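Fold and contact review
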Amino acid sequence: MRPIYDDIIFEYDNKFKKYFEEGRYMDAYKYIFKQKNLVSDLDRDIYSYLILWQIKVEIYLDIIDDAKEHFLNIFDNITLSYNNIILFIECVLLLDEFEMSLKKDGIYNQLMNYDGENIWINLYIFMLSLKNKRRNYSIKDELLYMVEKDVDRFFLSLLHTILAEIYKDEGDEKWKSELKKAKELNHHNLRMTRLEIQWGIKNDDDLKKGKYYRFYPDNKDILKKYYEIYKNEIQQNNDFKLFKFNLLEGGSTGGSSYLITYDDVNILLDCGINLKDGRLYYNDFKKLGLDIKDIDLLVVTHCHLDHCGGIVNLIKNGLNCPIIMSHETLHILNGIFSKNGNMQDLNINVEDYKLLNIINDKTLTDYCYDAVIKDKKVSLNLIPSGHILGACGVYIDIDGFSVFYTGDFTVKDVETNVGLCIPDGMNADVLITEATFGYTSSFSVYDKKIQDQLILEMLSDLTDHGVAFVPAFAVGKAQDLLLLLRRTFNYTPYNVYVDGALSYITMLYEKVKGAIYGNGILNANDIKLYDSKREFIKKEIALGNCLVMTSSDNLTEGSTSFIYGRELMSLDNAILLNISNNIKKPISMIQENIPIINHGIIQDIIEVFLKLAPKKVYIVHRGAKSNKSFNIEEVLRWFEGVDAVAP
């Protein structure tokens, strides 16, 4: 196996070397995603090697958030070898992870046994000598000699940074000019930026403006410095004895519903249904010593069924309080729960549809809500939170005690919503945050600009080949992708067919976002030329040069996606593009994977935490726990006086 492994690595290295020499970083990125899909289930060492290349490409594409998050998530799973030691060292030095790398099993053996000549290995060994306070002057001469060589600007920037450290340690003012040279070569040189923070070159205003915590999510000192900055801006000394948190469902991804109580004011945050078993976890409030009629407010953060699917049942069982959600969420909710929505998973009978009128009468869609409840002054503020159309986090103040619930969120903008941005000066006593990617990574691209470019180029390649088949969840990512196409092209260069439940949901989106269909984007249900779906696929879709988007995203048996997948498998020009990462077992057709991430990565959770500076954090909606040494729970434990709970 090892000779074959060596040949594959050699082939990859030659391919990537050519891409880098020609500055074709996006082509390298596309190639990585194609290759990852081929080897992910075959060889974990090769997959890890590709992730290292992905990280290096992300650094050169200047998407440092992605690179850092991916490196921290792959670090424990990499087995160092002669083949990957250079690439590993490059990532270590470019991401300022020298200290962490010293703890990596096998690193010293690999360095001792490396018999080649490589500038990155040499620099790493020089840094080891500097750390051990050995031969500073001879090392400085070596570095000055290396500066004169024609080397990569990222490498050269690091050389100037290390020279700045040596000069500063010697009391020589030359450190300032060396640091300036380092910044001119690479403004995202993380070692240089960390030194600027440590040396006091960046003041508190610089730190807040720069959001440097996103580049150092594993650096305790930098994160604590930020926490002190935001904590010192506010004074909070509230009594937590009056606050209660009850997890009704949603400790992991599935149904989400949380009951918070402060001084007898009861607020229900979301009312999801777990579609895995269809159970409603919040019907029996008596175990909490409450009647459903004791709920004073219901907040629905967004219109995914795992956050809103139980609302009809709540009304049926006696919920009688104001309901708070955005007007976009209410609009989509009405569409999903109407007869036209045809959402069999909800188990709603004909009589239940009448309850929609009650829901609409009780719902308030103002982004600010103020009331006096049980003699307590209560105010709520909805804050857009990315994710999908209408998604909002909610800030709650009850007689001066504050709670922030993120719902599902991302701090980056999506096509249909702006990312979550915590207003300056806002603080919270309690933070309730989702953590879908708080313990793991999908190793996909998070940066919106690069993500869009990658998706558009991939779709162009696939439709040139024939049929690009995209199974998608009915609400959210599908419409974001369609709106991206609409924004990019006056008329799409390939036909786009939309089918299944998402064709109906897309019509609902049009009421809020304007035209989506048209200009080459077609509702397959409007095409009446064929007697059956199978005939439509065989006679029109099979012609190629088209994109087909259908629901469900995981090819659930009986779904429209399942029907299309079954038919498209027989075509040699159809390729499945997986944008949701929910297809666990590939079907018998070529498959590409570029998951679109509309949840917050760990840096997003850290950002919300730092800005709100809470004393108590509840971590909910947790995804897979693949990373034990670096995850959001471990990070939050660094902060004295902060109680982090993962119920």
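Treat the numbers as computed from the prediction; the structure is a model and nothing was measured.

This part is about the sheet that holds strand β5 (residues 323-324). Read from one edge of the open sheet, 6 strands run β1-β2-β3-β4-β5-β6, paired in mixed fashion. Across the chains shown, the open sheet's two edge strands, defined by having one partner strand only, are β1 (243-249) and β6 (363-364). Where strand β4 (residues 297-299) and β5 come together, 2 bridges link them in parallel fashion. Pairing of V299 across the sheet is with I324, part of β5.

Turning to helix α3 (residues 44-60), a few remarks are in order. Helical geometry note: an α-helix holds 3.6 residues per turn, so side chains three or four residues apart project in the same direction. With 17 residues, α3 should cover 24 Å at 1.5 Å per step; its first-to-last C-alpha distance of 24 Å lies within 8% of that length. Burial of α3 is extensive: 15 of the 17 residues sit out of reach of the surface. Measuring from the side-chain oxygen of the N-cap residue of α3 to the backbone nitrogen of D45 gives 3.0 Å; that N-cap residue is D43. Looking one or two residues beyond α3, the residue adopting positive phi is D62, at roughly 65 degrees.

Before going further, it helps to examine the pairing of strand β12 (residues 467-471). In terms of residue burial, β12 counts as a mostly covered element, since 5 of its 5 residues are buried. Taking every second residue as pointing to the same face, both faces of β12 are buried, with V467, F469 and P471 on one and A468 and V470 on the other. Where β12 meets strand β16 (residues 574-578), 3 bridges bridge the pair, whose relative direction is parallel. Paired with V467 across the two strands is A574, which belongs to β16.

Applying the stated criterion across every chain, the model contains 38 salt bridges. Between K18 and E22 there is a salt bridge, with the nearest N and O atoms lying 2.8 Å from each other.

Okay, the pairing of strand β11 (residues 430-435) next. A large share of β11 lies buried, amounting to 6 of its 6 residues. Here β11 shows a buried face lined by V430, I432 and E434 and a second buried face lined by L431, T433 and A435. Of the pairings in the sheet, the one linking strand β10 (residues 401-405) to β11 comprises 3 bridges and is parallel in character. Within β11, the residue paired with V403 across the bridge is V430. The pairing of β11 with strand β18 (residues 616-622) spans 6 bridges and is parallel. In the sheet register, V430 faces β18, and the bridge partner there is K616.

All of the buried residues in helix α18 (residues 355-362) are L355, L356 and I359. The buried side chains of α18 occupy one side of the element, clustering within an arc of 105 degrees when seen end-on. Among the exposed residues of α18, those oriented more than 90 degrees off its buried face are N357 and D361. Where α18 is buried, its residues meet α16 (311-316), β5, α17 (327-337) and β6.

On to the sheet that holds strand β7 (residues 368-373), then. The 7 strands lie next to each other as β7-β8-β9-β10-β11-β18-β19, forming an open sheet whose pairing is mixed. Each of the sheet's edge strands pairs with one partner strand only, and the pair in question is β7 and β19 (643-645). When strand polarity is set aside, the average angle formed by the axes of neighbouring strands in this sheet is 15 degrees. Relative to strand β8 (residues 376-384), β7 runs antiparallel, the two being bridged by 6 bridges. The partner of C368 across the bridge, within β8, is N381. Of the strands in this sheet, β10, β11 and β18 are in contact with helix α24 (residues 602-612), which crosses β11 at around 175 degrees.

Taken as a whole and judged by the stated rule, the model has 34 aromatic pairs. Here the aromatic rings of F609 and F639 are separated by 4.9 Å at their centres, their planes lie at 65 degrees, and the arrangement is edge-to-face. Of the two residues, F609 is situated in helix α24 and F639 in the loop between α25 (632-636) and β19; the sequence distance between them amounts to 30 residues. Judged by its relative accessible area of 2%, F609 falls in the buried class. Among the aromatic side chains, those forming a connected cluster through ring pairs are Y12, F16, Y19, F20, Y25, Y31, W53, Y60 and F154. We note K168 situated over the ring of W199; from NZ or CZ to the ring centre the distance is 5.0 Å.

Rules used throughout
Residues numbered from 1 in each chain as written. Predicted model: local features only at pLDDT ≥ 70, side-chain atom pairs only at ≥ 80, totals over all residues. Heavy atoms only, no water. Pairing = 2+ DSSP bridges. Helix = DSSP H or I, 4+ residues; strand = E, 2+ residues; numbered from the N terminus. Expected span 1.5 Å × (residues − 1). Buried < 20%, exposed > 50% of the residue type's maximum accessible area, 1.4 Å probe, protein only. Polar contact = N/O pair within 3.5 Å; in protein donor to acceptor, adjacent residues only side chain to side chain. Salt bridge = Lys/Arg side-chain N within 4 Å of Asp/Glu carboxyl O. Arc of directions from axis to C-beta. Contact = heavy atoms within 4.5 Å. Axes fitted to C-alpha atoms, helices over the stretch in contact; angles between N-to-C directions. Phe/Tyr/Trp six-rings, centres within 6.5 Å; stacked < 30°, edge-to-face > 60°. Lys NZ or Arg CZ within 6 Å of the ring centre and 35° of its normal.

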